[in-house]
Amino acid sequence: MAFQPESELTAEEAAERVEEALATNDVVLFMKGNRLMPQCGYSKRALGLISQHVEEFETVDVLPALPEFREALEAESGWETIPQTYVDGEFVGGSDILAELDERGELAETLEVDA
């Protein structure tokens with residue numbers, strides 16, 4: 001039997017945090033872990049890809065309330081997987097989408113924020 005720690009946030013609080021992060025930041029990466037210590041390979045990959053093109057962007061660690069954040073993000077994007085990247089409040093994708101955009105030379109343009 002695996003130990004499941006209690007979530008730090010309710011579903012409503014997680015949804016509010018998602019909405020607030022999207023409303024107040026141009027580029028947001030919802031990830032497992034943080035910039036200094038990504039907690040999964042996909043989050044680390046997404047962080048690296050974004051960092052190549054954008055200096056200032058927000059990261060949100062979803063691990064303290066993973067089920068609640070997963071539900072809130074799925075309601076926002078239609079995707080349940082994490083990491084998830086948003087630009088100007090619009091869902092871009094996870095690490096695989098970012099890698100595809102980078103391979104096509106489109107990631108820098110995708111991450112550009114309209115002034």
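Note that this is a predicted model, so its numbers are computed, not measured.

### Here's the deal with the packing of aromatic side chains
Using the criterion set out here, one finds 3 aromatic pairs in the structure. Taken together, a centroid distance of 5.4 Å and an interplanar angle of 55 degrees make the contact between Tyr86 and Phe91 tilted. A relative accessible area of 1% places Tyr86 in the buried class. Overall, Phe91 belongs to the partly exposed group, its relative accessible area being 23%. By way of ring pairs, the aromatic residues Phe30, Trp79, Tyr86 and Phe91 are connected into one cluster. It is Arg35 that lies over the ring of Phe57; its NZ or CZ is 4.0 Å from the centre.

### Looking at the packing of helix H2 (residues 41–51) against helix H4 (residues 95–103)
Closest axis-to-axis distance for the H2/H4 pair is 9 Å, and the angle between their directions is 35 degrees. For the element pair H2 and H4, the recorded crossing hand is left-handed. Between H2 and H4, the residues in contact are Tyr42, Arg45, Ala46, Leu49 and Ile50 and Ser95, Asp96, Leu98, Ala99 and Asp102, respectively. Grouping the constituent residues of the contact of H2 with H4 by class yields 6 nonpolar, 1 polar and 3 charged.

Each value, and the rule that gives it
Residues numbered from 1 in each chain as written. Predicted model: local features only at pLDDT ≥ 70, side-chain atom pairs only at ≥ 80, totals over all residues. Heavy atoms only, no water. Phe/Tyr/Trp six-rings, centres within 6.5 Å; stacked < 30°, edge-to-face > 60°. Buried < 20%, exposed > 50% of the residue type's maximum accessible area, 1.4 Å probe, protein only. Lys NZ or Arg CZ within 6 Å of the ring centre and 35° of its normal. Axes fitted to C-alpha atoms, helices over the stretch in contact; angles between N-to-C directions. Helix = DSSP H or I, 4+ residues; strand = E, 2+ residues; numbered from the N terminus. Left-handed = near helix turned anticlockwise from the far one by under 90°. Contact = heavy atoms within 4.5 Å. Nonpolar A, V, L, I, M, F, W, Y, C, P; charged D, E, K, R; others polar.

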